[in-house]
Amino acid sequence: RMVPASPLEVITWSIIGGLIGLAVSWVPGFHIVNLIVVITLLTPEFIASNPYLMPYFALGALVSFAFMSSVSATYLSISDDSLMLMLFPSQRYMLMGYGHRAVLLYLVGAMGGVLFLVIFGLTIAPLVIPVVFNLFSPFYAWVLAAIVLFMFLSEWPKEGDREPTGLGRFLVAWKQLAGGLIVFFASGILGLYVNYSSIIPAERAFARLTPLFIGFFGFSWVLRNIISRVRVPKQDTRDLMETNLRAVLAGVGSGVLGGGIAAFFPVVTGGMGALVSGHMVSSRGDDTFMISQGAARVVYYVGALLLLFTPTARITRGAVAWIVQGIYTPKTWIEYYYALFTVLLVASLSFIATLYMSKAIARLLQYINYVHLSIALSIVLAALSYMVAGVSGVLLMLVASTIGFTALVFNTRLSYCLGALILPVLLSMTGTLDPVLQFLGVRLA
């Protein structure tokens, strides 16, 4: 068969993917890409049973992940780059006892992002996307370089006003920016070694960056929690939000713009897209900010995979899309409409499930020592790195954690750790990759 036989099969597979995603996405450090990789490795017969339905399974898991992972980011301070910008406001809410309100704001933005994707997908997306793709595809390297440069130019001194002299303020400000440069190039060099050497066994090469991102954005933050010995106050689990319609619309608009940039342009991640869009629309307020993060995350992850479903484009963006493409690429309009229905269905279920999971975790934290929990999470992250890439994965996670912790020490952006992904791509696009590899003494795998 070239298409699924019935809508019932699509609904079944998408809900299975969504339920599995909901079951594990609240677990700190467990990225949806890891989930799909593990399922593909451990149960190939499940994927082979009907490859035409695999895209809907992945789409359901991806939608549920975009919703449920907000719980770990808010209460347990573990996320990937697309939520790193949200950590400080959401942590502030949690330390005031309002973590559930932060999750609720995020969910409102996430549903706003879903509605945008469905409406846009049913109207002008098939016409607009090919035009935009043909317009920008020759300039991807320039766009990526411009966004990276903007990341550094927009770095605002966080401590410069505390020094009594102008020179002191100048040095403090540049210490922070210098820390960002160190983190960016250190992570970039580590990315070059991991991508172009035999550190990771060949049979695990598809997951070679997973230990790095666990170290950058997960293990380093858990280590910070252990050292700082955070105490979590009692959480208010009432379904209350302090916002208004204007803030919701501004947040969703900013998030859609940032998530769209990240979904469409290769290598640009959700955090980078949200950073750019936040400056473009000049959004203000914690409520607007967290709503925008929910919308951006959904549009970034789910929108990227929907590009593969679009019959007029079939663009591959994101790790999940690459995995799905290797099994089966949707080709027909009916598959595209099934995908939009899947997004709306699983998002509705995920909204409700995430709401109740947030309340459960908030109550659970009243009875668990946060430091002990962080120690347990560090063990989980190390075990996950070992499961994905063996002993080499654990060692690489520790090295990446050092780089991520360096960003925390310098009080600079953790997003600079994306140099592990960005620097190799930029060097490849500009034709300077081979000389740099020779200079570093990297032997091609």
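Residues numbered from 1 in each chain as written. Predicted model: local features only at pLDDT ≥ 70, side-chain atom pairs only at ≥ 80, totals over all residues. Heavy atoms only, no water.

(A) Expanded view of the overall build of the protein. Scanning the protein from terminus to terminus reveals 18 helices and zero strands. Relative to its 445 residues, the protein shows a buried fraction of 54%. Here the contacts in the protein between residues at least 6 apart in sequence split such that 82% fall between residues at least 24 apart. As presented, the protein carries roughly 18800 Å² of accessible surface, and 70% of it is formed by carbon and sulfur atoms. (Helix = DSSP H or I, 4+ residues; strand = E, 2+ residues; numbered from the N terminus. Buried < 20%, exposed > 50% of the residue type's maximum accessible area, 1.4 Å probe, protein only. Contact = heavy atoms within 4.5 Å. Areas by Shrake-Rupley, 256 points an atom, 1.4 Å probe, with all protein chains shown as cover.)

(B) Representation of empty space enclosed by the protein. For the coordinates displayed, the defined rule picks out one cavity of 30 Å³ or more. Its boundaries defined by the atoms lining it, the largest cavity holds a volume of some 30 Å³. Every residue along the wall of the largest cavity is listed here: Ile15, Gly18, Leu19, Leu22, Val346, Leu349 and Ser350. Sorting elements by how many residues they give to the lining of the largest cavity places helix H1 (residues 7–25) first, with four residues. A breakdown of the residues in the lining of the largest cavity according to their chemical character gives five nonpolar, two polar and no charged. (1 Å grid on protein atoms, 1.4 Å probe; cavity = no way out; pocket = protein on both sides within 12 Å on 5 of 7 lines; lining within 4 Å. Points joined across faces, edges and corners; volume = space filled by probe spheres on them. Nonpolar A, V, L, I, M, F, W, Y, C, P; charged D, E, K, R; others polar.)

(C) Local environment of the side chain of Thr237. When you line up the elements, Thr237 lands in the loop between helix H10 (210–228) and helix H11 (245–264). We classify Thr237 as buried; its relative accessible area is 15%. Polar side-chain contacts of Thr237 include one of 3.4 Å to the side chain of Arg363. Beyond its immediate sequence surroundings of up to four residues, Thr237 is in contact with His100, Lys359, Ala362 and Arg363. (Polar contact = N/O pair within 3.5 Å; in protein donor to acceptor, adjacent residues only side chain to side chain.)

(D) Highlighting the pattern of salt bridges. Summed over the entire model, instances satisfying the criterion amount to four salt bridges. A salt bridge links Arg101 to Asp236; its shortest N-O distance comes to 3.1 Å. With a gap of 135 residues between them, Arg101 in helix H6 (residues 99–122) and Asp236 in the loop between H10 and H11 connect regions that are remote in the sequence. The exposure classification of Arg101 matches that of Asp236, with both residues buried. In this structure, Lys359 engages Asp239 in a salt bridge whose closest nitrogen and oxygen atoms are separated by 3.2 Å. Of this pair, Lys359 sits in helix H15 (residues 333–364) while Asp239 sits in the loop between H10 and H11; the two residues are 120 residues apart in sequence, bridging distant segments of the chain. Three or more residues joined by partner-sharing salt bridges are found here, namely Arg101, Asp236, Arg238 and Glu242. (Salt bridge = Lys/Arg side-chain N within 4 Å of Asp/Glu carboxyl O.)

(E) Region of interest: the confidence of the model for the protein. On average, residues of the protein score 82 in pLDDT, and 86% of them reach the 70 mark or higher. Of the regions scoring below 50 in pLDDT, residues 78–86 engages in 49 contacts with residues more than four places distant in sequence or in other chains. (pLDDT = per-residue confidence, 0-100.)

(F) Representation of the packing of aromatic side chains in the model. Inspection of every chain in the model, using the stated rule, returns 16 aromatic pairs. Taken together, a centroid distance of 4.6 Å and an interplanar angle of 10 degrees make the contact between Phe152 and Tyr416 stacked. On the criterion of sequence distance, the pair formed by Phe152 in helix H8 (residues 140–153) and Tyr416 in the loop between helix H16 (370–409) and helix H17 (419–429) is long-range, its members being 264 residues apart. Phe152 gets classed as buried once you look at its relative accessible area, which sits at 13%. Look at Tyr416 and you get buried, because its relative accessible area is 0%. Taken together, the aromatic side chains of Phe136, Tyr140, Phe264 and Phe265 make up a single cluster linked through ring pairs. Over the ring of Tyr98 we find Arg101, and its NZ or CZ is 4.2 Å from the ring centre. Geometry around Tyr356 places Lys359 over its ring, the cationic atom sitting 5.6 Å from the centre. (Phe/Tyr/Trp six-rings, centres within 6.5 Å; stacked < 30°, edge-to-face > 60°. Lys NZ or Arg CZ within 6 Å of the ring centre and 35° of its normal.)

(G) Focus on the environment of Ala295. Here Ala295 is to be found in helix H13 (residues 286–309). Along the chain, Ala295 and Gly113 lie 182 residues apart, while their C-alpha atoms are 4.3 Å from each other.

(H) Representation of the side chain of Ser197 within the structure. Tracing the sequence through the fold places Ser197 in the loop between helix H9 (166–196) and H10. On the accessibility criterion, Ser197 (9% relative accessible area) is buried. Of the polar contacts made by the side chain of Ser197, one reaches the backbone oxygen of Tyr193; its length is 2.3 Å.

(I) Main features of H1. Over its 19 residues, H1 extends 26 Å from the first C-alpha to the last, a length consistent with the 27 Å expected when each residue adds 1.5 Å. Considered for burial, the residues of H1 that qualify are Val10, Trp13, Ser14, Gly17, Gly18, Gly21, Leu22 and Ser25. (Expected span 1.5 Å × (residues − 1).)

(J) A look at the environment of Ala383. The topology assignment puts Ala383 in helix H16. A residue is classified by how much of its surface remains accessible, and Ala383, at 45% relative accessible area, is partly exposed.

(K) Just the packing of H11 against H13, in detail. The interhelical angle for the contact between H11 and H13, taken along N-to-C directions, is 35 degrees, at an axis separation of 6 Å. Taken as a pair, H11 and H13 cross one another with a handedness that is right-handed. In terms of residue class, the contact of H11 with H13 is made up of 15 nonpolar, eight polar and one charged. (Axes fitted to C-alpha atoms, helices over the stretch in contact; angles between N-to-C directions. Left-handed = near helix turned anticlockwise from the far one by under 90°.)

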